[in-house]
Amino acid sequence: MVGMTRTFRSRAYAVQLIDRRTGRVHRINGSPLELLTRRPDEAAIELLEGRDAAVWDTRIVPIERRGQ
């Protein structure tokens, strides 16, 4: 139970795939490609896997909890 409590208290992040040429979030069928996670470094690695680093980057945005 202690481990579960810590997981729920840790901060959540949105990780977005960014096109360096435009500075915009990459979209698929009009929807932004974005992962919600508590492990943003791992999500960024996953999004960039197999992509040209000269063209693609990621943006990590903390998600604020209500009441903060």
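Residues numbered from 1 in each chain as written. Predicted model: local features only at pLDDT ≥ 70, side-chain atom pairs only at ≥ 80, totals over all residues. Heavy atoms only, no water.

Here the structure, examined in full by the defined rule, presents four salt bridges. Here Asp19 ties to Arg21 by a salt bridge, and the two come within 2.9 Å at their closest N and O atoms. Classification of Asp19 as buried rests on a relative accessible area of 11%. A salt bridge links Arg20 to Asp57, with the shortest nitrogen-to-oxygen separation between them at 3.7 Å. Of this pair, Arg20 sits in the loop between β1 (12–19) and β2 (24–25) while Asp57 sits in strand β6 (residues 56–63), and the two are 37 residues apart along the sequence. (Salt bridge = Lys/Arg side-chain N within 4 Å of Asp/Glu carboxyl O. Buried < 20%, exposed > 50% of the residue type's maximum accessible area, 1.4 Å probe, protein only. Helix = DSSP H or I, 4+ residues; strand = E, 2+ residues; numbered from the N terminus.)

Along the polypeptide, Gln16 turns up in strand β1. Residue class for Gln16 comes out buried when judged on its relative accessible area of 13%. A polar contact of 2.9 Å, which involves the side chain of Gln16, links it to the side chain of Glu34. Filtering out sequence-adjacent residues up to four positions away, Gln16 remains in contact with Val25, Leu33, Glu34, Leu47, Asp57, Thr58, Arg59 and Val61. (Polar contact = N/O pair within 3.5 Å; in protein donor to acceptor, adjacent residues only side chain to side chain. Contact = heavy atoms within 4.5 Å.)

On their own, these measurements won't tell you what the molecule is for.
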